[in-house]
Amino acid sequence: MSQNGPLRLTVAGSEDLVLEIVPGELAPATHRHPEVRPAVTSASDRLDGRRRYEVTIDGWVFSVGVESAARAALRDRATQAAAATGPAGRAVVKAQIPGRVVRLWVAAGDTVEKGQRLLAIEAMKMENEVRSPRAGVVESLSAVVGKAVELGDELLVVG
Amino acid sequence: MTREGRPFERLLIANRGEIAIRIMRACREMGIETVAVYSDADAAAPHVRFADHAVRIGPPAASQSYLLGDRIVEVALASGAQAVHPGYGFLSEQASFAEAVEAAGMAFVGPAPQTIASLGDKLAARRSATSQGVPIVPGTFEPLPAEDPAAMEGIAVTAAQIGYPLLVKAAAGGGGRGMRRVDDPRDLPMAVATAAREALQAFGDGSVYLEHYVEGGRHIEVQLLGDVQGHIIAIGERDCSTQRRHQKLVEEAPAPGLTRDQRLRVHGLAVQIARAVGLRNAATAEFLFSRAGDFYFLEVNARLQVEHGVTELVSDFDLVHEQLWLAAGRPLSEAAMAAAAAAADPVRHAFELRISAEDPARSFAPTPGLITRWREPSGPGVRMDSGFREGWKVSGDYDPLLAKLLVVGPDRATAIARAMRALDEFETGGVQTTIPFHRWLLRHPDFIGGEGLRTDFIDRAWDPVPIRETAAREAARIVAQTVSEDGTGGAPEVAPPPTAGARPGGEGTAGWVRPKGPDWTHAGRREATERWS
């Protein structure tokens with residue numbers, strides 16, 4: 001990775017925060033110096049040549065991917081080309097918590113509204129409802145009642 | 001005045017995590033040997049290491065380990081324990097467990113089995129309070145026929161009579177499980193069904209009832225103690241209004257803004273209820289305090305509460321020590337009587353912040369995983385009750401409570417300042433905790449002023465998105481700076497996560513990268529880091 005060129009930083013969240021920073025231009029605002037900890041990279045990190053760090057700011061635990069901005073821009077163009085030929089506007093609903101699917105309110109082929117209750121995942125004895133991110137049709141349904149799911153597992157696709 | 005001798009020689013703790021360690025600390029101080037029990041998930045857990053003896057009881061699932069009453073009684077007998085402390089949760093409010101412990105010739109550290117049974121049924125407790133003339137929140141007195149679809153119409157009529165908004169509550173409930181708020185009559189059938197199912201799963205009893213939801217109310221509870229001779233006292237009250245989805249996040253004592261008369265009134269109501277059920281040992285009576293200044297009885301928890309520590313800090317009195325003496329049949333101590341006498345005129349203020357493995361940005365969803373960083377705060381006025389450490393994996397099998405950060409000061413403002421300072425010192429990593437929520441709360445003018453002390457405050461006021469985003473931007477800057485300053489372009493490509501036992505104490509700095517700071521200590525540290533990595 002180039003040390004002096006602009007970096008692209010992706011801070012993971014329910015919506016990823018993507019920032020491009022030229023090192024040295026944006027100094028941290030804090031006078032405190034939280035430790036930046038190298039974290040385990042995922043398969044896609046390694047494929048894209050991204051390093052991963054964990055840092056805790058004000059109690060928030062962040063996973064931050066770092067890569068050369070130039071390289072990321074190249075990849076963006078490649079993926080945008082692929083997306084244009086792929087199905088437009090599909091929303092893949094993934095598990096945001098590990099747990100067990102306990103309720104399923106929809107079936108494959110159902111038309112759903114944005115915000116409609118799709119299913120419930122139970123974790124630590126609490127039922128957590130998963131709602132549809134958009135209006136559409138349930139294209140595929142991988143969630144099964146009683147089945148355990150891990151963080152990031154695909155539950156269903158709204159197309 | 002200190003007492004001679006010790007109440008027991010050996011005691012088994014039928015629990016895990018921070019509360020098991022809290023009880024063991026009291027035992028250590030009193031010269032009592034401790035026996036821990038553990039599931040396979042906890043074989044190397046801090047509570048196991050803390051104990052004098054430890055016995056495996058089963059696989060990770062609580063239903064096959066910490067909830068196996070008969071197995072735990074067997075283990076207790078075989079270990080030579082004379083008493084069993086159930087902590088909170090798990091078997092603490094199961095009358096059959098208390099009964100089995102006593103039938104085996106051991107002391108149960110808690111109320112009598114019949115008291116637990118009568119208090120555990122929240123509906124029976126409501127009936128009992130009413131017969132004592134203690135005001136209760138309007139609602140039903142019998143379980144709803146939730147199983148019968150045909151009965152829904154009748155339930156809807158009752159609900160309308162009580163008046164919306166309503167709460168559907170589990171008769172055997174606690175901790176917010178099996179509880180649902182209903183604002184719209186159309187949501188009632190779903191809420192009843194969900195609450196009943198959650199209750200069945202969490203407590204093995206799906207009975208639910210309806211209660212009017214008192215808008216803007218505060219949750220105030222009273223710490224009770226009773227001895228075998230029938231003396232019952234109140235050791236002050238706690239305000240536990242800071243809740244989310246009916247789960248407590250922050251507790252404090254005393255309840256801010258109460259007049260001396262109001263304190264005396266609620267302590268008196270609590271003692272009255274406790275006397276009616278013949279309370280011995282420790283319990284807590286919960287009340288709803290309306291904006292109009294009235295107290296309504298909610299329920300009694302027949303056990304040591306999670307938040308008992310704030311009462312200990314304010315009264316300078318150890319509730320677990322007292323529990324153990326009471327379980328051995330001793331009368332209430334002089335120290336307990338003195339604490340009760342001073343309860344209406346508190347001279348300190350204490351907070352408890354629950355540090356849980358929950359993500360405050362994602363509706364407090366549980367975040368099981370590996371704790372890669374864990375440095376607890378300390379210093380004046382700080383008490384940490386914790387059951388976790390660095391390198392420990394938080395299991396999805398148990399409650400997400402990791403630790404309780406308790407602070408005490410001469411007044412509320414000092415205690416808040418201490419809590420903020422302690423949160424600044426608290427370093428965590430790997431698992432998202434509730435710390436960012438607490439940082440926000442302690443700076444919120446409505447919390448500082450006391451107007452935010454109402455059970456619906458958090459659900460309305462907590463908006464994590466902008467707060468987290470500000471921190472996320474800062475995270476990106478710090479990582480960018482670190483990476484650009486580090487000659488090697490950062491760390492090894494894949495850093496092995498610290499694992500339990502791999503580094504004793506988890507204190508190693510090798511592999512950690514720190515941004516260059518303004519002073520020489522950072523440079524020195526970097527040099528040392530590089531030499532060893």
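(A) Fine view of helix 6 (residues 122–131) of chain B. Residues and elements named next belong to chain B. Buried within helix 6 we find Lys122, Ala125, Arg126 and Ala129. Taken end-on, helix 6 shows its buried residues confined to a sector of 100°, consistent with a single buried face. For helix 6, the secondary structure elements touched by its buried residues are helix 5 (113–120), strand 6 (166–170), helix 9 (260–276) and strand 13 (295–301). Looking at the residues trailing helix 6, positive phi occurs at Gly133, about 80°.

(B) Seen up close, unusual backbone geometry. Omega for the bond connecting Tyr164 of chain B with Pro165 of chain B falls within 30 degrees of zero, at -5°, which places this linkage in the cis form. Look at the link from Ala253 of chain B to Pro254 of chain B: it is a cis peptide, with omega at -5°. Mapped onto the fold, Pro254 of chain B is located in the loop between strand 11 (247–253) and helix 9. In this structure, Asp58 of chain A is a non-glycine residue whose phi angle is positive, near 50°. Mapping Asp58 of chain A onto the fold places it in the loop between strand 4 (51–57) and strand 5 (60–68). Positive phi, close to 40°, is recorded for Phe90 of chain B, a residue that is not glycine.

(C) Here's a closer look at the nonpolar core. By size, the foremost hydrophobic cluster in this structure holds 112 residues, and its most contacted members are Leu12, Val84, Val168, Val192, Val208, Leu224 and Phe287 of chain B. Per element, the largest residue contribution to this core is seven residues, and it comes from helix 8 (residues 188–203) of chain B. The residues touching Leu224 of chain B, leaving out its near neighbours within four places in the chain, are Ile232, Ala234, Ala270, Val271, Ala274, Leu279, Ala282, Ala283, Thr284 and Ala285 of chain B. Grouped together as the second largest cluster of nonpolar side chains are 59 residues, Val61 of chain A together with Leu249, Leu405 and Phe457 of chain B included.

(D) Representation of the sheet that holds strand 13 (residues 154–158) of chain A within the structure. Here we have four strands laid out as an open sheet, ordered 6-13-11-8 (chain A), and antiparallel in their pairing. Both edges of this open sheet fall to strand 6 (91–94) and strand 8 (111–112) of chain A, since each of them pairs with a single strand only.

Cut-offs applied
Residues numbered from 1 in each chain as written. Chains lettered and ligands numbered in written order. Predicted model: local features only at pLDDT ≥ 70, side-chain atom pairs only at ≥ 80, totals over all residues. Buried ≥ 20, exposed ≤ 12 C-beta atoms within 10 Å, placed from the backbone. Helix = DSSP H or I, 4+ residues; strand = E, 2+ residues; numbered from the N terminus. Arc of directions from axis to C-beta. Contact = placed C-beta atoms within 7 Å. Core = buried A, V, L, I, M, F, W, Y, C linked by C-beta atoms within 7 Å. Pairing = 2+ DSSP bridges.

These results come straight from atomic positions and should not be treated as a statement about function.
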